[in-house]
Amino acid sequence: MHEMMVAQSLLAQISDEASKQKAKPVLAKISCGKLNALNDEILSFAFDAIAKDTLCQGVKLEIEHKPLQAKCKTCNHVFEIEFSKPQCEKCNGQEFELLPDAPLILEEIEFQTG
């Protein structure tokens, strides 16, 4: 299960940062590309399961899926690709190069205050 490996990696990173900050984490913001085969619900479930009885128990995962981008071969404009209308929004060109999908990144960890 791909999500379990991702959850284990996130748990390790969040736990390490919590130890450094000497604080309890409450929220982790994650981003990844739209084509990433990551199921938000399964990832949250896996994370909750392995975080039980750790400092990370109860941490909420907030996952943002970044749009896929393309570069127009006519005008070189970089744009968010809409598969229902696959053309450059600037020149309406239909020849473009798909850019790499955004990687999975732990963007931010919020800690309990007070």
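On a predicted model such as this, the values are computed, not experimentally measured, just so you know.

What counts and what doesn't
Residues numbered from 1 in each chain as written. Predicted model: local features only at pLDDT ≥ 70, side-chain atom pairs only at ≥ 80, totals over all residues. Heavy atoms only, no water. Helix = DSSP H or I, 4+ residues; strand = E, 2+ residues; numbered from the N terminus. Rg over C-alpha atoms; globule rule 2.2 N^0.38 Å. Buried < 20%, exposed > 50% of the residue type's maximum accessible area, 1.4 Å probe, protein only. Contact = heavy atoms within 4.5 Å. Areas by Shrake-Rupley, 256 points an atom, 1.4 Å probe, with all protein chains shown as cover. Lys, Arg positive; Asp, Glu negative; His and termini not counted. Charge placed at Lys NZ, Arg CZ, Asp CG, Glu CD. Pairing = 2+ DSSP bridges. Axes fitted to C-alpha atoms, helices over the stretch in contact; angles between N-to-C directions. Phe/Tyr/Trp six-rings, centres within 6.5 Å; stacked < 30°, edge-to-face > 60°. Salt bridge = Lys/Arg side-chain N within 4 Å of Asp/Glu carboxyl O.

> Is there a simple way to explain the overall build of the chain in this structure?
Counting its regular elements, the chain contains two helices and six strands. In the chain, the succession of α and β elements from N to C terminus is α-β-α-β-β-β-β-β. Taking 13 Å as the expected radius of gyration for a compact globule of 114 residues, we find that the chain reaches 18 Å, considerably beyond that expectation. For the chain, the C-alpha atoms occupy an extent of roughly 55 × 30 × 15 Å along the three principal directions. Per-residue burial for the chain yields a buried fraction of 28% across its 114 residues. Contacts spanning at least 24 positions in sequence make up 70% of the contacts within the chain whose residues lie at least 6 apart. Total accessible area on the chain stands at roughly 7400 Å², and carbon and sulfur atoms take up 50% of it. In the chain, which carries 12 positive and 18 negative side-chain charges, the distance between the mean positions of the two groups comes to 3 Å.

> In this structure, what is going on with the sheet that holds strand S3 (residues 69-72)? I would like to understand it.
The three strands lie next to each other as S4-S3-S5, forming an open sheet whose pairing is antiparallel. Bordering the open sheet on either side are strand S4 (78-80) and strand S5 (96-98), each of which pairs with just one other strand. Each adjacent strand pair in this sheet contributes to an overall mean axis angle of 35 degrees, direction not counted.

> Looking at this model, I keep getting lost on the packing of aromatic side chains. Mind explaining?
Each aromatic ring pair is summarised here by two numbers: the centre-to-centre distance and the angle between the ring planes. Taken as a whole and assessed by the stated rule, the structure comprises one aromatic pair. Seen in terms of ring centroids, Phe 79 and Phe 96 are 6.1 Å apart; in terms of plane orientation they differ by 80 degrees. Their pairing is edge-to-face. In this pair, Phe 79 is assigned in strand S4 and Phe 96 in strand S5, connecting sequence segments 17 residues apart. Look at Phe 79 and you get buried, because its relative accessible area is 2%. Residue classification places Phe 96 among the partly exposed residues on the basis of a relative accessible area of 24%.

> I tried to follow the pattern of salt bridges on my own but got confused; where do I start?
When their charged atoms lie close together, side chains carrying opposite charge are able to pair. Inspection of the entire model under this criterion finds three salt bridges. A salt bridge links Glu 108 to Lys 29; the nearest nitrogen and oxygen atoms lie 3.9 Å apart. On the criterion of sequence distance, the pair formed by Glu 108 in strand S6 (residues 105-111) and Lys 29 in strand S1 (residues 25-33) is long-range, its members being 79 residues apart. A salt bridge links Lys 29 to Glu 110; the nearest nitrogen and oxygen atoms lie 3.5 Å apart. Taken together, the residues span a long stretch of sequence, with Lys 29 in strand S1 and Glu 110 in strand S6 at a distance of 81 residues. Residue Glu 110 is classed as partly exposed on the basis of its relative accessible area of 30%. Several salt bridges share partner residues, and in doing so they unite Lys 29, Glu 108 and Glu 110 into one network.

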